[in-house]
Amino acid sequence: MAQTVTELRNEIRVAVGRFEREESAAFTKEDLAAICDAVGYEIDTSGRLPPKAEMRAGILWKIGALEDDNAEEAPSSFRKDELKAIETAVQ
């Protein structure tokens, strides 16, 4: 059976040391920061976390889904195929 988007998100959360969510929920800034760390995208964590779009773009760039880490090119949320690629990268 194919995985749902919620299942993929939860598998990614667990792989990066975050907790699963029972309901479907987008990644929080903390989730995205943990994913950035897992895929090797460095962010400045000394102050506030960067915007979600910036972290999504960096993650997609690191997994090869974008040519650079331009936040304007990043989608407002990850598509299912992107989640599958992220899951593979963080395992």
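These numbers were taken from a predicted model, which means no experiment stands behind them.

Student: Whenever I open this one, the side chain of N10 confuses me. Can you help?
Tutor: Mapped onto the secondary structure, N10 falls in helix α1 (residues 5-15). N10 sits in the buried class, given a relative accessible area of 7%. Within the structure, N10 has its side chain in polar contact with the backbone nitrogen of R21 (distance 2.8 Å). Residues within four places of N10 in sequence aside, it is in contact with E20 and R21.

Student: Help me out: how do you make sense of the pattern of salt bridges in this one?
Tutor: Pairing between side chains of opposite charge can happen when the charged atoms of each approach one another. Tallied over the entire structure, the rule returns four salt bridges. The salt bridge involving D31 is made with R13; its shortest N-O contact spans 3.1 Å. Of the two residues, D31 is situated in helix α2 (residues 29-39) and R13 in helix α1; the sequence distance between them amounts to 18 residues. The burial state of D31 is the same as that of R13; both residues are buried.

Student: Which parts of the structure should I look at to understand the packing of α1 against helix α4 (residues 80-90)?
Tutor: Packed helices, taken two at a time, are described by their axes: the angle between them and the distance between them. Where α1 contacts α4, the axes come no closer than 9 Å and their chain directions differ by 25°. The angle between α1 and α4 falls in the class roughly parallel. Two packed elements cross with a definite hand, and for α1 against α4 that hand is left-handed. Within the contact between the two elements, α1 uses V5, L8, R9, E11, I12 and A15 and α4 uses K80, L83, K84, I86, E87 and V90.

Student: Mind showing me how you'd approach the nonpolar core here?
Tutor: Within soluble globular proteins, side chains that are nonpolar tend to cluster in buried spots. Core analysis: the largest hydrophobic core is formed by 22 residues, its most contacted members being I12, F27, I35, I59, F78 and I86. Where this core is concerned, the elements lending two or more residues are α1, α2, α3 (52-62) and α4. At six residues, α2 tops the list of elements feeding residues into this core. Setting aside anything within four residues of it in sequence, one finds I35 in contact with I12, V16, F27, I59 and I86.

The rules behind each value
- Residues numbered from 1 in each chain as written.
- Predicted model: local features only at pLDDT ≥ 70, side-chain atom pairs only at ≥ 80, totals over all residues.
- Heavy atoms only, no water.
- Helix = DSSP H or I, 4+ residues; strand = E, 2+ residues; numbered from the N terminus.
- Buried < 20%, exposed > 50% of the residue type's maximum accessible area, 1.4 Å probe, protein only.
- Polar contact = N/O pair within 3.5 Å; in protein donor to acceptor, adjacent residues only side chain to side chain.
- Contact = heavy atoms within 4.5 Å.
- Salt bridge = Lys/Arg side-chain N within 4 Å of Asp/Glu carboxyl O.
- Axes fitted to C-alpha atoms, helices over the stretch in contact; angles between N-to-C directions.
- Parallel < 35°, antiparallel > 145°, perpendicular 65-115°, else oblique.
- Left-handed = near helix turned anticlockwise from the far one by under 90°.
- Core = buried A, V, L, I, M, F, W, Y, C linked by side-chain atoms within 4.5 Å.

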